[in-house]
Amino acid sequence: METKKKKKSKFAKYSLGDKTFLLIGYILLGLFVLAIIVPMIYIVIASFMDPITLQNKGLTFDLEKWTLTAYERVISNAQIWVGFKNSILYSVLFTFLSVFITMLCAYPMSLEEFKGRKFFNTIFMITMFFGGGLIPTYLLISKMGLLDSMWAVILPGTFSVWNMIIARTYYRGIPSELREAAEVDGANELTFFFKILLPVCAPVIAVLCLWQFVGMWNSYFDAMIYLNSASKQPLQLVLRSILIQNQPDPGMIADMQSTAQRAQLAELLKYATIIISSLPLLVMYPFFQKYFDAGIMVGSVKG
C-alpha cells in the first residue's frame, strides 16, 4: 500500500504538460524498442526455417517447418571459424591496448600540476576534428611494413581522445586525499596508479572495454583495406561476403543442384551467420551492464 501511495504522490506532483511530455516520451521509447526487437525476432525465427517455406509462405510457427540446416552448414564451415578466431584475437588485443593506453594518458592529463597539460589537451582536441585521411594512413601503414598483418587493424585506432576525456573526468572525481594517503605510505606514482587508482576505476574501465571490444568486433573496413590473406580476415569480412555481396563460401551450398535452391539456402545462411556473430556480444553485455551508471553518469556529473 505504501508503495502505491508513493507512486501516486510521485505522479500527482506533475503538471498536465509534464504528464503529456512523459507520455510522448514513453510512446517514442516503445516504438524505438519495437523497431529493435521486431527485426531481431524475425531474424531468429527465419534462421531456423526451411528455406523453401520461408520464401513461399514467410514466417511460420509450425515447428515441423523448422530446420537446423543453416546452423549446421555455418558451424561446419572452416572459414567461419577462422574469422571467428581472428575477430576474438583482434578484439581482445585491441581492447587491452586501447584501454591501457587510454588510462595511462588520462592520468597525467587529470593532474593540475602537470606542466604542458593545456598544450597536450589542445593537440588531442585537434585530432578529434581533423584527420589525415585514408590515403595518407594507408601509405603510413605501408611504410611501417604492417600491411597484411593484424597490427594494421589493431594499432591505428588504439588511442581514442573521447575515451581519454571520459577517463580523465572520472579521475578528477576521485578524492585527492587518496593520493595524499598513498604518498604518506611511501607509494610512488607507478604503485599508486597500478595498485590503488586502477582498482578504483573498475567501472569506467569496464565501460571502455565494452565500447572498444564491440567497436573492433563490428569493424570490417580496416581489415578490408589492409588485409589480403584469407587466413587473417576477421569474421565481419566473412559476413560481408555473405550478407552484402551474397557470396557464401562455395562449400556451404556446393551440394545444391539448382540455382534456385542455392539462392534459397544462401538467404537462410544470412540469418544464421548474423545470430552466430552476435552471440559473443549478447553473452558479454550482461556482465558489463551493471557498470554503465557508475562508469558514465558519475563521470559526466563530476565533469
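Residues numbered from 1 in each chain as written. Predicted model: local features only at pLDDT ≥ 70, side-chain atom pairs only at ≥ 80, totals over all residues. Heavy atoms only, no water.

Quick notes on the overall build of the protein chain
Helix and strand content of the protein chain: 17 helices and 0 strands. Counting only residues that meet the buried cut, the protein chain has 35% of its 303 residues in that class. Excluding contacts between residues fewer than 6 apart, the proportion of contacts in the protein chain whose partners are at least 24 apart in sequence is 73%. Carbon and sulfur atoms provide 67% of the accessible area of the protein chain, an area that totals close to 18800 Å². (Helix = DSSP H or I, 4+ residues; strand = E, 2+ residues; numbered from the N terminus. Buried < 20%, exposed > 50% of the residue type's maximum accessible area, 1.4 Å probe, protein only. Contact = heavy atoms within 4.5 Å. Areas by Shrake-Rupley, 256 points an atom, 1.4 Å probe, with all protein chains shown as cover.)

Concerning the nonpolar core
In terms of nonpolar packing, the biggest core is built from 26 residues, with M103, M164, Y171, L197, C201, V204 and I205 touching the most fellow members. Looking at this core, the elements that each hand over two or more residues are α5 (78-109), α9 (161-172), α11 (189-200) and α12 (202-218). With 7 residues, α9 is the single largest residue contributor to this core. Counting residues in hydrophobic clusters, the runner-up holds 22 residues, among them A70, L268, A272 and I275. (Core = buried A, V, L, I, M, F, W, Y, C linked by side-chain atoms within 4.5 Å.)

Some details on the pattern of salt bridges
Per the stated rule, a full pass over the model turns up 4 salt bridges. R117 is the partner of E112 in a salt bridge, and the nearest nitrogen-oxygen pair spans 2.9 Å. E112 sits in the exposed class, given a relative accessible area of 58%. The closest approach of N and O atoms between R179 and E189, which form a salt bridge, is 2.6 Å. Placement of R179 in helix α10 (residues 176-184) and of E189 in helix α11 is noted, with a sequence separation of 10 residues between them. Judged by relative accessible area, R179 falls into the buried class, the value being 17%. The network of salt bridges with shared partners includes E113, R179, E183 and E189. (Salt bridge = Lys/Arg side-chain N within 4 Å of Asp/Glu carboxyl O.)

Examining the packing of aromatic side chains
Counting across every chain of the model gives 15 aromatic pairs. The interplanar angle of 80° and the centroid separation of 6.0 Å between the aromatic rings of Y42 and Y271 together place this pair among those described as edge-to-face. Note that Y42 is positioned in helix α2 (residues 16-47) and Y271 in helix α16 (residues 259-289), a separation of 229 residues in sequence. Overall, Y42 belongs to the partly exposed group, its relative accessible area being 35%. Y271 gets classed as buried once you look at its relative accessible area, which sits at 12%. Relative to Y171, the ring of Y107 has its centre 5.9 Å away and its plane inclined at 75°; by these criteria the two rings are edge-to-face. Of this pair, Y107 sits in helix α5 while Y171 sits in helix α9; the two residues are 64 residues apart in sequence, bridging distant segments of the chain. (Phe/Tyr/Trp six-rings, centres within 6.5 Å; stacked < 30°, edge-to-face > 60°.)

What about the side chain of T169?
With respect to the helices, strands and loops of the structure, T169 is situated in helix α9. Separated by 2.7 Å, the side chain of T169 and the backbone oxygen of I165 make a polar contact. (Polar contact = N/O pair within 3.5 Å; in protein donor to acceptor, adjacent residues only side chain to side chain.)

Considering the packing of α9 against α12
Two elements in contact, α9 and α12, have axes separated by 10 Å at closest approach and are oriented at 170°. Looking at the two axes, α9 sits roughly antiparallel to α12. Judged by residue contacts, W162, N163, I166, A167 and Y170 of α9 engage P203, V204, L208, W211 and Q212 from α12. Residues belonging to the contact of α9 with α12 are distributed by class as follows: 8 nonpolar, 2 polar and no charged. (Axes fitted to C-alpha atoms, helices over the stretch in contact; angles between N-to-C directions. Parallel < 35°, antiparallel > 145°, perpendicular 65-115°, else oblique. Nonpolar A, V, L, I, M, F, W, Y, C, P; charged D, E, K, R; others polar.)

A look at the confidence of the model for the protein chain
Any segment with low pLDDT has predicted coordinates that should not be analysed in fine detail. Averaged over all residues, the pLDDT of the protein chain is 80; the fraction at 70 or higher stands at 80%. Contacts for the low-pLDDT stretch residues 298-303, under 50 throughout, to residues beyond four places or in other chains number 7 contacts. (pLDDT = per-residue confidence, 0-100.)

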